[in-house]
Amino acid sequence: MAHQLLDTPAPQEVVTRDLLFDRDSDGTLAWTVRATTQSGLPVLALADSGEAPLGPSGPKVVCRHTTPKGLAHRWATRVVVGRADESSVRRHPDEVLAEWRRGSLLLDPASRHAISPDLVGGVEWVHGVRVLPLRTATLPPATHTNCLFVGERRALLVDPGSAEADEQLRLCEAIDRFVGRNGPLGAIFLTHHHADHVSGVPGLLRRFRLPVWAHPETASRVAFPVDRLIAPSATFEPLEGGPAGWEVAHTPGHAPGHLSLRRASDGAAVVGDMVASIGTILIDPSEGDVREYVTSLRSMAAQGIGVVHPAHGDPVFEGTERVLATAGHREWRETLVLAALRAGARSLAEVTAQAYAPNAVALGWLAARSTEAHLVALERAGVARRDEVGAWHPAAPGDPS
Ligand SMILES: [Zn+2]
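Because the structure is predicted, anything quoted here is derived from the model rather than measured.

1. Side note on the overall build of the chain
Phase 1 of the analysis: If you tally the helices and strands in the chain, you get 11 helices and 21 strands.
Phase 2 of the analysis: Looking at the chain as a whole, 46% of its 401 residues qualify as buried.
Phase 3 of the analysis: Considering only intrachain contacts with a sequence separation of at least 6, the fraction spanning at least 24 residues in the chain is 61%.

As structure tokens, then:
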């Protein structure tokens, strides 16, 4: 049975499968698949199915769990009690949950749902970070923005970005279930001001009395009041009044007021649009700064990131590696932009065509905006210059800026 966790099926494709476990008389459960992540963390995952014949006297379906739309890894899981084979992992559920909460074990969300029902209808790969993707008008191919419940008590509701009525309703129901179990939320926390991250806030404020927390650069760009301004340094520092153990850092570049969250104990991180696991991050030259973005990524990686939760797509287990890879990719692109300039490309279209070859046409305006962001960054660094008609040139030392 293959462990499919690290595969990347096409977004939205739903794989049906069964989680088959056995329950001993003392309540111990047996899982049929055990796998290990690259970081060595054991994962209790699921059996591929079809093997358990379901009939009146056969294994019994005890519950179902379907991962939400908006994630690349989608499973419609039947949780089945049946006869596990002898090679199964046998553990008591309380012990499994305790290990999962300590961060020494990963538990497939459907496995977790089977032993402790999911509250928000999303996925919770690491304890205390519940991911609920909501449909938003975002950058394709992404179709959803993850709204996250971070922490257990005084939890933060991060980036409720959907203003669509059905998605608001789904979120409100999730909040009601969460609050019913865990007590009131602490605040709405915004990673940054983009519409696909904040558009659900006004609707939520009509229904719930919740303070909004954001960086001053975000507060100045949104159309509703921000109750608490958060302006940390680039180094993660404790988030006073937030859920226990969580830290916050200023990570500008994609947006001037971008904030990221990290849990000190295990590095679990909620990073908004610093990385993406579906689609790409646009650095728009009108407000982004690609070198600042790379600096923020490198700073985050240097501090250590565990399971990283982007705003678009699935959590990524090897967080530091993903953050570094994202930074490295931008630096590589910058070298292509500079090489295009040095090879004689002058207009934005020419530089884009060379720096993004052979995909410039397919990527369209996105490639052009990204190229312009790189050119502006190179100009700020004194490596490129724009002449009076807007053509780009490599800058030699001593060139007028
Ligand atoms: Zn954004």
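Moving on from the model shown.
2. Considerations on the sheet that holds strand S19 (residues 308-309)
Phase 1 of the analysis: Taken together, the five strands give an open sheet; going across it, the order is S15-S16-S17-S18-S19, and neighbouring strands pair in mixed fashion. Unpaired on one side and paired on the other, strand S15 (237-238) and S19 mark the two borders of the sheet.

3. Side note on the pairing of strand S9 (residues 129-135)
The two faces of a sheet get side chains in turn, since along a regular strand they alternate between them.
Phase 1 of the analysis: Burial of S9 is extensive: six of the seven residues sit out of reach of the surface.
Phase 2 of the analysis: Where S9 lies against strand S10 (residues 144-150), seven bridges are found, and the strand directions are antiparallel. The residue bridging Pro133 from the neighbouring strand is Asn146, located in S10.

4. Section: the sheet that holds strand S1 (residues 14-23)
Phase 1 of the analysis: Strand order in the open sheet formed by five strands is S5-S6-S1-S2-S7, with mixed pairing between adjacent strands. Only two strands of the sheet have a single neighbouring strand rather than two, namely strand S5 (60-66) and strand S7 (89-91). Direction aside, the axes of adjacent strands within the sheet are offset by 30 degrees on average.
Phase 2 of the analysis: Alignment of S1 against strand S6 (residues 74-81), held across eight bridges, turns out to be parallel. Across the sheet, residue Asp18 finds its bridge partner in S6, namely Arg78.

5. Examining the packing of helix H8 (residues 319-342) against helix H11 (residues 365-380)
Phase 1 of the analysis: At their nearest, the axes of H8 and H11 sit 10 Å apart, and the two run at 80 degrees to each other. Our classification of the angle between H8 and H11 gives roughly perpendicular. On H11, the residues that touch Arg333, Glu334, Val337 and Leu338 of H8 are Thr371, His374, Leu375 and Leu378.
Phase 2 of the analysis: Looking at the contact of H8 with H11, its residues break down into four nonpolar, two polar and two charged.

6. Focus: the environment of Arg23
Phase 1 of the analysis: Position of Arg23 among the secondary structure elements: in strand S1.
Phase 2 of the analysis: For Arg23, a count of 14 C-beta atoms within 10 Å puts it in the partly exposed group.
Phase 3 of the analysis: Placed 68 residues apart in sequence, Arg23 and Arg91 show a C-alpha to C-alpha distance of 9.7 Å.
Phase 4 of the analysis: Leaving out residues up to four positions away in the same chain, Arg23 has contacts with Leu29 and Val81.

7. Remarks on the nonpolar core
Phase 1 of the analysis: With 98 residues, the main nonpolar core has Val150, Leu157 and Ile188 as its most contacted residues.
Phase 2 of the analysis: Sequence-distant contacts of Leu157, that is, excluding residues within four places in its chain, are made with Cys147, Phe149, Leu185, Ile188 and Phe189.

8. Structural notes on the pairing of S6
Phase 1 of the analysis: Here S5 pairs with S6 via six bridges, running antiparallel. Across the sheet, the residue bridging to Lys60 is Val81, located in S6.

Procedures and definitions
- Residues numbered from 1 in each chain as written.
- Predicted model: local features only at pLDDT ≥ 70, side-chain atom pairs only at ≥ 80, totals over all residues.
- Helix = DSSP H or I, 4+ residues; strand = E, 2+ residues; numbered from the N terminus.
- Buried ≥ 20, exposed ≤ 12 C-beta atoms within 10 Å, placed from the backbone.
- Contact = placed C-beta atoms within 7 Å.
- Pairing = 2+ DSSP bridges.
- Axes fitted to C-alpha atoms, helices over the stretch in contact; angles between N-to-C directions.
- Parallel < 35°, antiparallel > 145°, perpendicular 65-115°, else oblique.
- Nonpolar A, V, L, I, M, F, W, Y, C, P; charged D, E, K, R; others polar.
- Core = buried A, V, L, I, M, F, W, Y, C linked by C-beta atoms within 7 Å.

All quantities given are derived from atomic positions and should not be read as evidence of function.
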